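Commentary on secondary and tertiary structure
In case you want the letters, here they are:
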Amino acid sequence: MADKTYNSNDIVVLEGLDAVRLRPGMYIGTTGIKGMHHLLWEIVDNAIDEISNGYGDTISITINSDGSATVEDNGRGIPVDNHPTLHKSGVEVVYTTLHAGGKFNNSNYKFSGGLHGVGASVTNALSKFCNVTVYKDGKEYQINFHSYMDENGKMYSGVPIAPLKLIGKTEKSGTRVTFLPDEAMFGSLKFNFETITRRAKELAFLNKGLKINVKDEESGSEESYHYEGGISDFVNYLVEEKTKVIAKPIFFHAEEKNFDLEVAFIYTDSYTENCFSFVNNIPTIEGGTHETGFKSAYTKVMNDYARNNNFLKEKEANLLGEDYREGITCVINIKMNNVQFEGQTKTKLGNPEAKTFVENLTIAQLNKFFSDKKQASTAEIIINKAKGAAKVRESAKRAKEVARARNNAENFNLVGKLAAATSRNNSMCELFIVEGNSAGGSAKQGRDRRYQAVLPLRGKPLNAEKKRIDQVLANEEIRMIISALNTGIGEDLDLSSLRYHKVIILSDADQDGAHIRSILLTFFYRYMRPLITEGHVFIGLPPLYRVAKKDFVEYVYSDVELPDAIARAGKGYTLSRYKGLGEMNADQLKDTTMDPDKRTLIQVSIDDAAMAEKMVTTWMGDDIDARKQYISIHANFDKEDDFYKNYHN
Ligand code: 1YM
């Protein structure tokens, strides 16, 4: 066969949507459940951009029974007129050209949002079909795209079946998109109602006035979110279970050319600091320049106020930022262009100009706020609280020193409890934190002593949620964990000395086990957060059943897998249900839960700190009913449940 000559058309095709299929990771991160939801967020982002620029107010998301999703807004509708050089309708260009959105809308839209700026074409490229309806100027238009393989095995990604077609008249205005993630890319994964509602709720908080409806056709579940108070409502929601010490959130909004900033914060009687920041609606879990800018401005404003109003005597030193932030819950929401992300998980804002901008606007806004005499009592509460925190800081420092000394002394005593690994290669070593002495005993026998260490927990460790650091450190179980990990905690945490690079929580698959797991996760979340964000924390998945017949033995980790396992065993099988880890002997525990070749671990991560925080306080807060509900929803986890993967999502 003659060599095919390539012309420019072929090159265009090669650089088009097929590139997305060849390297989906580059565009959506993974082809797992998160990547699949990313397809949805790309479409939702376009709708949000439209609404935040003042057109329309409502977005509806539907999970359809056939596995597809529909997103509809009531904005202007994507342009339908022909693109001057590409000779295709605007809609077609947006859905078939990588980064088309940016090229089109930069001049019209103040901030090109877009989760990672890749646009709707990526969603189209990775979908089996993608149908777009535009309601504009009294008319309804439709264009359908599909992806398929021809008889020669050549792949076609997101190609239009026909050009944009005029359907008829309409009263409506807006855009409606339905797409089905391609099984060839995502297997049998399904959209998750909870994942979608959680993010929808957050988007509604971050975009004041926006209405988002979410519906699951299959189950009939429906939720609606709309907050006229925006991030002030967000802050109130985050502290719902806590006791506020100032009446309502302090809020300000300020903008400059190409920058938009809003901040809301409140104080509760808790001792932790909770700052959540966002850039263009994206959570910046690792913080960054905007957070730094706010914090340094806030410390300065409060210290100046304290001096000018005689809360600090001339001889007294300034209070520290951390003093002013004890018990704060704060949301920082900025919009800007040319965002640069840094950090381990690319969730840290790097733009240096964001620091200056947030700092200057915060100083101006808060000085204005506190110059109002009506706010004098609020300022007084905050400053007195900070003074209390400063006092405790001094004594906690001593407590920490004591604890450190004591830890060293007690390392001998710990030997009996902690079965340490012998290898000094920390990156290969694992620490199993095991619920109960009997399971702990089996784990010690079943482990590979070179790389695996076992720390049995006798009772429930201390709930770190409501304690100051000195009380946390007084708890023996917690001290054993800190001592075994060897990193220190809080501000002093140093991951470079981490003794065990995998920290694996092994608890029973029942409510008590779930509680112990959440207590441990809460402790890590509060005092050793980098351990989680840098991927060192895992949950071990014990089997729920053992199906056996003569030589046949199969362990089953979730209810959905059980029928298949029973079928494989055939008639005359015996089924045992494990109620707890303690029921397994050393060999069984090793085979099912510890052996790296056979076990299943769930990595704990946080990709949305605000929602994780809410979950942690719900788990650990005073509202027992809410806590029971959360724990039971998530107690029966299995491999499909991506909840633990994200600690939120
Ligand atoms: C359900 C998804 O995509 N809505 C949407 C998208 C656009 C517009 C309106 C829009 C933008 C502009 C002018 C503009 C987009 N248009 C483009 C592009 N909802 C959804 N609603 N008129 C309408 O940016 O000037 C990209 S997105 F590039 F064609 F302008």
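Below you will find a few notes about this structure. The shown structure was predicted, so the numbers you read here are calculated from the model rather than taken from an experiment.

1. A short note on the overall build of the protein
- A tally of helices and strands in the protein yields 24 helices and 24 strands.
- Every one of the 649 residues in the protein was classed for burial, and the buried ones make up 55%.
- Counting only carbon and sulfur atoms, one obtains 49% of the accessible surface of the protein, whose full area is about 29400 Å².

2. Digging into the pairing of strand β11 (residues 259-267)
- The element β11 is largely enclosed, with a buried count of 9 among its 9 residues.
- Sheet topology places strand β10 (residues 250-256) next to β11; 7 bridges connect them, and they run antiparallel. Each bridged residue has a counterpart across the sheet, and for Glu255 the counterpart in β11 is Asp260.
- The antiparallel pairing of β10 with β11 creates a hairpin that spans 2 residues between the two strands, and Asn258 there sits at a positive phi of about 65 degrees.
- With 9 bridges joining them, β11 and strand β14 (residues 328-336) adopt antiparallel strand pairing.

3. Considerations on the environment of Gln340
- Structurally, Gln340 is set in the loop between β14 and β15 (341-342).
- Separated by 10 residues in the primary sequence, Gln340 and Gly350 place their C-alpha atoms 5.4 Å from one another.

4. Describing the layout of surface pockets
- Taken as a whole, the largest pocket spans an internal volume of roughly 1700 Å³.
- Lining the largest pocket are 44 residues, with Glu273, Glu322, Gly490, Glu491 and Arg526 sitting closest to its centre.
- Listing elements by their share of the lining of the largest pocket, those giving two or more residues are β12 (274-279), α11 (289-308), α12 (321-324), α14 (376-415), α18 (511-527) and α19 (529-533).
- Looking at the lining of the largest pocket element by element, the count peaks at 9 residues for α14.
- Here the residues of the lining of the largest pocket sort into 15 nonpolar, 7 polar and 22 charged.

5. Focus on the environment of Ser68
- Inspection of the secondary structure puts Ser68 in the loop between β1 (58-63) and β2 (69-73).
- Through-space distance from the C-alpha of Ser68 to that of Phe179 is 5.4 Å; in sequence the pair is 111 residues apart.
- The contact partners of Ser68, leaving out residues within four places of it in the chain, are Thr62, Ile63, Phe129, Thr178, Phe179, Leu180 and Phe191.
- Within polar-contact distance, the side chain of Ser68 engages the side chain of Asp66 at 2.6 Å.

6. Description of the nonpolar core
- Judged by nonpolar contacts, the single largest core of 161 residues is most densely connected at Leu40, Tyr95, Phe234, Phe265, Tyr298 and Phe524.
- If one sorts the elements of this core by residue count, helix α4 (residues 33-52) sits on top with 9 residues.
- When near neighbours in sequence (up to four residues on either side) are disregarded, Tyr298 contacts Phe265, Tyr267, Tyr324, Ile328, Leu366 and Ile382.
- With 7 residues, the next largest nonpolar core counts Leu544, Val547, Leu562 and Ala565 among its residues.

7. Section: the packing of helix α9 (residues 193-206) against helix α10 (residues 230-238)
- Put simply, α9 and α10 touch, their axes get as near as 6 Å, and they point 130 degrees apart. Between α9 and α10, the angle falls in the class oblique. Between α9 and α10, the residues in contact are Lys201, Glu202, Phe205 and Leu206 and Gly230, Ile231, Asp233, Phe234 and Tyr237, respectively.
- Classifying every residue of the contact of α9 with α10 by side-chain character gives 5 nonpolar, 1 polar and 3 charged.

8. Some thoughts on the side chain of Asn351
- Mapped onto the secondary structure, Asn351 falls in the loop between β16 (348-349) and α13 (352-371).
- Judged by its relative accessible area of 1%, Asn351 is buried.
- At a separation of 2.9 Å, a polar atom in the side chain of Asn351 contacts the main-chain carbonyl oxygen of Asn338.
- Asn351 has contacts with Thr289, Met336, Asn337, Asn338, Val339 and Gln340, leaving out every residue within four places of it along the chain.

9. Considering the sheet that holds strand β21 (residues 545-549)
- One open sheet holds the 3 strands; their spatial order is β22-β21-β23, and the pairing between them is antiparallel. Strands at the two margins of the open sheet, each flanked by one partner only, are β22 (552-556) and β23 (574-577). Taken over all neighbouring pairs, the strand axes of this sheet differ in orientation by 15 degrees on average, direction set aside.
- Summarising the sheet, β21 and β23 pair through 4 bridges and their orientation is antiparallel. Paired with Arg546 across the strands is Ser576, a residue of β23.
- Helix α20 (residues 562-569) rests against β21, β22 and β23 of the sheet, and its axis sits at about 180 degrees to β22.

10. Regarding the sheet that holds strand β20 (residues 537-540)
- Spatial ordering of the open sheet is given by β18-β17-β19-β20-β24, a layout of 5 strands whose pairing is mixed. Here the strands that pair on one side only, and so sit at the sheet edges, are β18 (452-457) and β24 (601-603). Along the sheet, successive strands turn relative to each other by an average axial angle of 25 degrees, direction set aside.
- Each of β17 (430-435) and β18 touches helix α15 (residues 437-446); the most contacted strand, β18, lies at about 170 degrees to it.

11. Quick look at the pairing of strand β3 (residues 127-136)
- The element β3 is largely enclosed, with a buried count of 7 among its 10 residues.
- Across 8 bridges, β3 lies against strand β7 (residues 174-181) in antiparallel orientation. Paired with Phe129 across the strands is Leu180, a residue of β7.
- Bridge count between β3 and strand β4 (residues 139-149): 8 bridges; the pairing is antiparallel.

12. With respect to the pattern of salt bridges
- Scanning the entire structure with this criterion turns up 23 salt bridges.
- One salt bridge in this structure joins Glu50 and Arg76, with 2.7 Å as the shortest N-O distance. One end of the pair, Glu50, is in helix α4; the other, Arg76, is in the loop between β2 and α5 (90-96), and 26 residues separate them in sequence.
- According to the relative accessible area criterion, Glu50 is buried, its value standing at 6%.
- The class of Arg76 is partly exposed, set by a relative accessible area of 30%.
- For Glu291, the salt bridge is made with Lys295, and the minimal N-O distance between the two is 3.3 Å. One end of the pair is Glu291 and the other is Lys295, both in helix α11 and 4 residues apart, which spans about a single turn. Across this residue pair, the class does not change: Glu291 and Lys295 are buried.
- One network of salt bridges, in which partners are shared, links Glu273, Glu291, Lys295 and Arg325.

The rules behind these values
Residues numbered from 1 in each chain as written. Predicted model: local features only at pLDDT ≥ 70, side-chain atom pairs only at ≥ 80, totals over all residues. Heavy atoms only, no water. Helix = DSSP H or I, 4+ residues; strand = E, 2+ residues; numbered from the N terminus. Buried < 20%, exposed > 50% of the residue type's maximum accessible area, 1.4 Å probe, protein only. Areas by Shrake-Rupley, 256 points an atom, 1.4 Å probe, with all protein chains shown as cover. Pairing = 2+ DSSP bridges. 1 Å grid on protein atoms, 1.4 Å probe; cavity = no way out; pocket = protein on both sides within 12 Å on 5 of 7 lines; lining within 4 Å. Points joined across faces, edges and corners; volume = space filled by probe spheres on them. Nonpolar A, V, L, I, M, F, W, Y, C, P; charged D, E, K, R; others polar. Contact = heavy atoms within 4.5 Å. Polar contact = N/O pair within 3.5 Å; in protein donor to acceptor, adjacent residues only side chain to side chain. Core = buried A, V, L, I, M, F, W, Y, C linked by side-chain atoms within 4.5 Å. Axes fitted to C-alpha atoms, helices over the stretch in contact; angles between N-to-C directions. Parallel < 35°, antiparallel > 145°, perpendicular 65-115°, else oblique. Salt bridge = Lys/Arg side-chain N within 4 Å of Asp/Glu carboxyl O.

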